[in-house]
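Residues per chain are reported as follows:
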Amino acid sequence: MDSSVYVFAEDLRSEGMEKTLDRIRGYGVGGVTVGVVHHRTRDVTPHGLSRLTLRHDGAHFPLPEDLFGELRLRPAPGHLDVLEGLREACSSRGLKFHGWTVFLRNEAIGVEHPDVTVRNCFGDRGYPTDLCPAHPDVRLYAVALARAVARLGVDSVVAESLHYRPLKAERSFVPLGPMDAYLMALCFCDFCMRRASDLGVNAEVARDECSRIVGAVLDGEPPAQGEVTRAALTAYAGPDVVNYARARSETVTSLVSEVSAAVSAEGSQLTFVDATGAVKGYKHGLPSPGLAAHDAWQLGVDLVALGDLVPSFSVLAYARDAARVADDVAAYLRSVGKDREVRAVVRPGHPDSDTADRLLAKVRGAKAAGAAAVDFYAYGLVPYPTLDRIPAALS
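- Per an unreviewed UniProt entry, the recorded name for the protein chain is Alanine-rich protein SCI7.12c, and the organism is Nonomuraea mangrovi.

Quick look at the structure:
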């Protein structure tokens, strides 16, 4: 079974490339999945030189001018020397090198170019981190970024945030239910509305319905209860809203198709990361009942369509229960096809795996369900004693 450890660029700078790779090789994994393009965040890093690490939006390698010279959007420069020699260092240790790339979550670009960000049903552009996958400039940026990462000589481009994102308000004293939050996160920018209209959707009616329903909750009406399903959404918001939500899948599918083709043209392959598993279980490892593969449509992800376009998928199996991990993997394989590579991404410690036995059970469950690989997230966030569980989990 294939495997890797997710590694941040700051890990390599803090602990040294050679030392970090030697330690990871000792875990018995087959490769490293390195954050070559990442987003802004503030992390507790238990064994870094800094115990609290501030990461910035940026690409950790020089951008090829033939790809970005004519583009309006480009990532900010990160630690431009951190990847020097990494391909060779991995090869000498028998490790694969996967290029973990965050595509459409980039606050620096969103602040500089607010017109390329998501616009909700009220006309607010309050999501500077979220670049809209329907915007033509964003699509050109994503394809160029994919090509640039593939040229690093990576075994695969691991694509995170290559779809829509859910509502992430820092504070809300209004008790929005799941369906209200979903409606408030839908993008109604000109490009999203135009693409939906081209598919026969009454985009203006959908926008007006969303603003009416969510506006009533913001004015004090009780929020809707229950999980977001197409049937519940139809009953709550009407068929125009559901059709509008469904149209988003064409936007994401066509973008992923362009990105995957660009990666293939550069001699690598795309691994698509669907964030639904993280949306459901990131904070606590107790995901809501619906399986990630069944709820991926909420982010505009049509797994059946992508199964014809993408060779590899990562399932964010952020769950404490081994049976749930197995069920999520099996559901992905049923959606994307048995001939596609499905990789289960698990966290070796808090909050999902309180013991080595629990981690072992989840790895075995993923394998039994058909996962071709298990990847461990993430080196710099996890104490050494917890990382030391990995060899036994792979045995």
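So, next bit.
A look at the environment of Ala 292
Phase 1: Looking at where Ala 292 falls in the secondary structure, it is placed in helix H13 (residues 292–295).
Phase 2: Distance from Ala 292 to Ala 317, taken between C-alpha atoms, is 8.8 Å for residues 25 residues apart in sequence.

Concerning helix H11 (residues 239–265)
Phase 1: With 27 residues, H11 extends 40 Å from end C-alpha to end C-alpha; this agrees with the ideal 39 Å at 1.5 Å per step.
Phase 2: With its phi angle positive at about 90°, Gly 267 sits one or two positions after the end of H11.

Comments concerning the layout of surface pockets
Phase 1: Empty space within the second largest pocket amounts to approximately 200 Å³.
Phase 2: As for the second largest pocket, its lining consists of 16 residues, and the residues nearest its centre are Glu 10, Asp 11, Ser 14, Ser 50 and Thr 53.
Phase 3: For the lining of the second largest pocket, the secondary-structure elements that each account for two or more residues are helix H1 (9–15) and strand S4 (52–55).
Phase 4: It is H1 that provides the largest number of residues to the lining of the second largest pocket, a total of five residues.
Phase 5: Tallied by class, the residues present in the lining of the second largest pocket amount to two nonpolar, nine polar and five charged.

Points about the packing of helix H10 (residues 230–237) against H11
Phase 1: Their axes nearest at 7 Å, the elements H10 and H11 cross at an angle of 135°. In terms of axis orientation, H10 runs oblique to H11. Residues Arg 230, Leu 233, Thr 234 and Ala 237 of H10 form the contact with H11, whose own contacting residues are Pro 239, Val 241, Val 242 and Arg 246.
Phase 2: Across the contact of H10 with H11, the residue classes break down as five nonpolar, one polar and two charged.

Observations regarding the packing of aromatic side chains
Phase 1: For the structure shown, the criterion picks out ten aromatic pairs.
Phase 2: Each ring, one from Phe 8 and one from Tyr 377, has its centre 6.5 Å from the other, and the planes form 65°; the classification is edge-to-face. Residue Phe 8 is found in strand S1 (residues 2–8), and its partner Tyr 377 is found in the loop between strand S13 (373–376) and helix H17 (384–387); the two are separated by 369 residues along the sequence.
Phase 3: Tyr 377 gets classed as buried once you look at its relative accessible area, which sits at 14%.
Phase 4: An angle of 75° between the planes, with centres 6.0 Å apart, marks the rings of Trp 100 and Tyr 377 as edge-to-face. Here Tyr 377 lies in the loop between S13 and H17 and Trp 100 lies in strand S6 (residues 96–102), a separation of 277 residues in the sequence.

Calculation criteria
- Residues numbered from 1 in each chain as written.
- Predicted model: local features only at pLDDT ≥ 70, side-chain atom pairs only at ≥ 80, totals over all residues.
- Heavy atoms only, no water.
- Helix = DSSP H or I, 4+ residues; strand = E, 2+ residues; numbered from the N terminus.
- Expected span 1.5 Å × (residues − 1).
- 1 Å grid on protein atoms, 1.4 Å probe; cavity = no way out; pocket = protein on both sides within 12 Å on 5 of 7 lines; lining within 4 Å.
- Points joined across faces, edges and corners; volume = space filled by probe spheres on them.
- Nonpolar A, V, L, I, M, F, W, Y, C, P; charged D, E, K, R; others polar.
- Axes fitted to C-alpha atoms, helices over the stretch in contact; angles between N-to-C directions.
- Parallel < 35°, antiparallel > 145°, perpendicular 65-115°, else oblique.
- Contact = heavy atoms within 4.5 Å.
- Phe/Tyr/Trp six-rings, centres within 6.5 Å; stacked < 30°, edge-to-face > 60°.
- Buried < 20%, exposed > 50% of the residue type's maximum accessible area, 1.4 Å probe, protein only.

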